[in-house]
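# Chain and residue survey
As a plain string of letters, each chain reads:
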Amino acid sequence: MQYHVRSKPQGKLLGLLMLLLVLTVAILGPRVQAIHPWGAYVQGFALMFLSILLEALPFVLLGTFISAMIHLFLSESMVARLLPRNQFLGLLAASLMGFVFPVCECAIVPIMRGLIKKGVPVGMAVTFLLAVPIVNPVVLASTYYAFAGEWGPVILRALGGIIIAVFVGDLMGRLHAHGSPLKHERFYDQKADHHGHGHSHDHDCGCGHDHGHGHEHAHGKRPGLHQTLLGLLEHTSEELFDIGRYLIAGAALSALLQTLVPREFLLTVGGGKLSSIIVMMLLAYILSLCSEADAFIARTFVRQFTNGSVLAFLVFGPMIDLKNTLLLMGAFERRFVVRLIAATSGAVIVFALLVNAFGM
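Each value, and the rule that gives it
Residues numbered from 1 in each chain as written. Predicted model: local features only at pLDDT ≥ 70, side-chain atom pairs only at ≥ 80, totals over all residues. Heavy atoms only, no water. Helix = DSSP H or I, 4+ residues; strand = E, 2+ residues; numbered from the N terminus. Buried < 20%, exposed > 50% of the residue type's maximum accessible area, 1.4 Å probe, protein only. Contact = heavy atoms within 4.5 Å. Areas by Shrake-Rupley, 256 points an atom, 1.4 Å probe, with all protein chains shown as cover. Axes fitted to C-alpha atoms, helices over the stretch in contact; angles between N-to-C directions. Parallel < 35°, antiparallel > 145°, perpendicular 65-115°, else oblique. Left-handed = near helix turned anticlockwise from the far one by under 90°. Nonpolar A, V, L, I, M, F, W, Y, C, P; charged D, E, K, R; others polar. Salt bridge = Lys/Arg side-chain N within 4 Å of Asp/Glu carboxyl O. Patch = residues over 30% accessible without salt bridge, like charges linked within 9 Å, V, L, I, M, F, W, Y side chains within 5 Å.

### Thoughts on the overall build of the protein
A count of helical and extended segments in the protein gives 15 helices and two strands. Burial status across the protein gives 52% buried among its 360 residues. Partitioning the contacts of the protein with sequence separation of at least 6, the portion at a separation of at least 24 is 80%. In the form shown here, the protein has an accessible surface area of approximately 16500 Å², with 69% of it arising from carbon and sulfur atoms.

### Thoughts on the packing of helix α7 (residues 137–146) against helix α8 (residues 151–175)
Between α7 and α8, whose axes approach to 8 Å, the crossing angle comes to 150°. As summarised for this structure, α7 and α8 are arranged roughly antiparallel, according to the angle between their axes. Pair α7 / α8 crosses with right-handed handedness. Each of V139, L140, T143 and Y144 in α7 lies in contact with α8, whose residues at this interface are W151, P153, V154, R157 and A158. Tallied by class, residues from the contact of α7 with α8 come to seven nonpolar, one polar and one charged.

### With respect to the packing of helix α4 (residues 87–95) against helix α6 (residues 122–131)
The packing of two helices is summarised by the inter-axis angle and the distance between the axes. At a closest axis distance of 8 Å, the pairing of α4 and α6 adopts a crossing angle of 25°. Taken together, the axis directions place α4 and α6 in an arrangement best described as roughly parallel. When you trace α4 past α6, the crossing you get is right-handed. Packed against α4, whose contacting residues are Q87, G90, L91, A94 and S95, the element α6 presents G123, M124, T127, F128 and A131 at the interface. Class assignment for the residues of the contact of α4 with α6 results in five nonpolar, five polar and no charged.

### Regarding the pattern of salt bridges
One pass over the structure, following the stated rule, counts three salt bridges. Here R157 makes a salt bridge to D294, at a shortest N to O gap of 2.8 Å. You can see R157 sitting in helix α8 and its partner D294 sitting in helix α12 (residues 294–298), a full 137 residues away along the chain. Comparing R157 with D294 shows no difference in burial state: the two are buried.

### So, unusual backbone geometry
Across the chain, the bulk of peptide bonds are trans and the bulk of non-glycine residues have phi less than zero. With a phi close to 55°, A148 is a non-glycine residue in the positive phi region. By relative accessible area, A148 is classed as exposed at 68%.

### Topic: a nonpolar patch on the surface
The grouping of L82, F88, L89, L92, L96, F99 and V100 at the surface amounts to a nonpolar patch, some 670 Å² of accessible area in total. Top element by residues in the nonpolar patch is α4. It accounts for three residues. Looking at the element boundaries, L82 is found in helix α3 (residues 76–82).

### Let's talk about helix α14 (residues 322–331)
The element α14 is largely enclosed, with a buried count of seven among its 10 residues. Among all positions in α14, only K323, N324, T325, L327, L328, G330 and A331 are buried.

If you want it as structure tokens, here you go:
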């Protein structure tokens, strides 16, 4: 087994600089508060940022570790074999696949593409794409913890993820029943098999590092425990740095909004049944947070935004965000991507409006 980890030093440097900047603000905040009126805002921002970051970090670390294990030891063909061929059962099974295949949204697009290449129907692959980043143990556990042990947000998030994923998957499957939506040319692809002394299947998940699965047949060599653990730790650290940048940016923006934006304005925008939903969906799309951490950001908007809009943030972000859109545009036809985003957005809005209407 060969591991090829492509490092991104500029990404690591950016994440470290952002974290050091906020830590500096947190340490110097009390002194600034004593000499400048803005000190109270600085201190409030720092405390809120650090509380969000420290609560979310354990779940992000756990999620990246599980994701690394899946990418290194499992394959799309295993998922394809687990999915039933019956349309309804296949969609339902795909929506629950996160319990055995718990990966976050940063790696889900290439896996979805691999499933379609292996003959999995488009509808089931789309359902897998939308549901897995939400309906998996790590994400649901982080949601439970973020909302202080309340089961309501956890259940509604899981149900919303399943229902929307199945609906959109069925719709996309019907719209693209004939012909594959895959592009013939992509900016990431499986590398060609190399024959001779062995062959390797390297999957580029689009998150900035390679997941190599090499099997050396000529000499019958198997990777040792040391090499396996090294590859697992390297992949986990790379993915943690990549996801960590989004977490830091999201926590900082949330803390900034909560600290600087007048509460009256937030209550005005957040009180609208439709406007609050659209604003929170846009925020989720732009922030592109990891689904293991977004509940900690969403919690900061409770009692300022409607319950439906908070759930829209929790459901829409893992399904469709900015970084996923770029990956989708690189792998699939533009018409397919536009339809997918439109259908998912519409379904999430309807779901959130129902939550608001019934006061859930």
